[in-house]
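Here's the letter readout for the chains.
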Amino acid sequence: EKKLSEQNYDYWQNQFDGHASYMISGLGNEYDILRSMIFHFVGDGETFFDVGCACGDNLEAGERFGKLFSVDYKGTDYAEKLIEANRERRPEVAWEVMDARELKEEDGSWDNVCLYDVLDGLEGWQAAIFEATRVAKKRVIVLMWMDPAMDEKAELMRKAGLRVIDIKIEGDGLHYHRILVGEKIKRTEL
């Protein structure tokens with residue numbers, strides 16, 4: 001029997017195989033609205049490390065909202081096919097295959113670390129939260145759809161040293177989502 005994380009990996013590899021082209025979020029749809037909320041927390045000129053970047057939708061949105069440029073962004077995913085396609089489509093951007101639980105980045109090397117629909121079904125998601133916190137200089141942004149374990153994730157983010165803002169999103173035409181924004185707490189604030 002496959003581990004849940006292996007099933008998740010296979011799912012994304014197969015998702016890529018099933019698409020003839022990229023499925024970038026459209027303007028004004030639900031996912032574009034959610035991404036605009038993410039970039040509300042990202043300051044001008046801040047760097048953005050996109051863990052589980054898939055097709056690079058967060059980069060596309062960040063550029064539309066005037067928050068990101070390719071030099072301020074790095075996308076990583078553990079589905080090699082997605083990273084290869086991203087490199088072909090956007091060669092000027094840094095793309096790398098990585099596991100969210102073992103990031104190859106230095107401590108505090110990115111202003112923002114984003115985990116958008118990454119932690120659900122990921123065996124050892126706790127390690128992914130600690131890794132994101134380690135790599136983040138300012139904040140960790142977690143966005144999930146219908147994840148019953150979001151309270152546990154928020155609590156673990158607090159234990160990792162983040163001040164957490166928990167936003168519940170629901171409304172007409174929107175699926176239920178939650179965004180956790182964890183701000184790094186400076187030692188002087190402890």
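The following paragraphs examine the structure supplied in this document.

## Comments concerning the overall build of the chain
Okay, so step 1: Looking only at helices and strands, one finds six helices and seven strands in the chain.
Okay, so step 2: When each of the 190 residues of the chain is scored for burial, the buried share is 47%.
Okay, so step 3: Taking the contacts inside the chain whose residues are at least 6 apart along the sequence as the reference set, 66% of them involve residues at least 24 apart.
Okay, so step 4: Of the roughly 9600 Å² of accessible surface on the chain, a fraction of 52% belongs to carbon and sulfur atoms.

## Observations regarding the pairing of strand E5 (residues 136-145)
Okay, so step 1: Burial within E5 is extensive, with seven of its ten residues counted as buried.
Okay, so step 2: Of the pairings in the sheet, the one linking strand E4 (residues 110-116) to E5 comprises six bridges and is parallel in character. Bridge assignment links Leu115 to a residue of E5, and that residue is Val142.
Okay, so step 3: Traced from E4 through helix H5 (residues 125-135) to E5, the parallel crossover comes out right-handed.

## A closer look at the pairing of strand E3 (residues 94-97)
Okay, so step 1: Inspection of the sheet shows strand E2 (residues 73-77) paired to E3 by four bridges, in the parallel sense. Note that in E3 the partner of Asp77 across the bridge is Val97.
Okay, so step 2: You can see the chain leave E2, run along helix H4 (residues 80-89) and come back into E3, and the turn it takes is right-handed.

## Quick word on the side chain of Lys74
Okay, so step 1: If you trace the backbone, Lys74 turns up in strand E2.
Okay, so step 2: Polar contacts involving the side chain of Lys74 include one to the side chain of Glu105, which spans 2.9 Å.
Okay, so step 3: Ignoring anything within four residues of it in the chain, the contact list for Lys74 reads Phe48, Phe49, Asp50, Ala94, Glu96, Met98, Glu105 and Trp110.

## Regarding the packing of aromatic side chains
Okay, so step 1: Counted by the stated rule, this structure contains five aromatic pairs.
Okay, so step 2: Arranged with centres 6.2 Å apart and planes meeting at 15°, the rings of Phe48 and Tyr73 form a pair that is stacked. Of the two residues, Phe48 sits in strand E1 (residues 48-51) while Tyr73 sits in strand E2, which places them 25 residues apart along the sequence.
Okay, so step 3: Tyr73 gets classed as buried once you look at its relative accessible area, which sits at 2%.
Okay, so step 4: Look at Tyr73 and Trp95: their rings are 5.6 Å apart centre to centre, the planes differ by 70°, and that puts the pair in the edge-to-face class. One end of the pair, Tyr73, is in strand E2; the other, Trp95, is in strand E3, with 22 residues separating them in the sequence.

Here is what the cut-offs are and how they apply
Residues numbered from 1 in each chain as written. Predicted model: local features only at pLDDT ≥ 70, side-chain atom pairs only at ≥ 80, totals over all residues. Heavy atoms only, no water. Helix = DSSP H or I, 4+ residues; strand = E, 2+ residues; numbered from the N terminus. Buried < 20%, exposed > 50% of the residue type's maximum accessible area, 1.4 Å probe, protein only. Contact = heavy atoms within 4.5 Å. Areas by Shrake-Rupley, 256 points an atom, 1.4 Å probe, with all protein chains shown as cover. Pairing = 2+ DSSP bridges. Right-handed = clockwise from strand over helix to strand, strands pointing away. Polar contact = N/O pair within 3.5 Å; in protein donor to acceptor, adjacent residues only side chain to side chain. Phe/Tyr/Trp six-rings, centres within 6.5 Å; stacked < 30°, edge-to-face > 60°.

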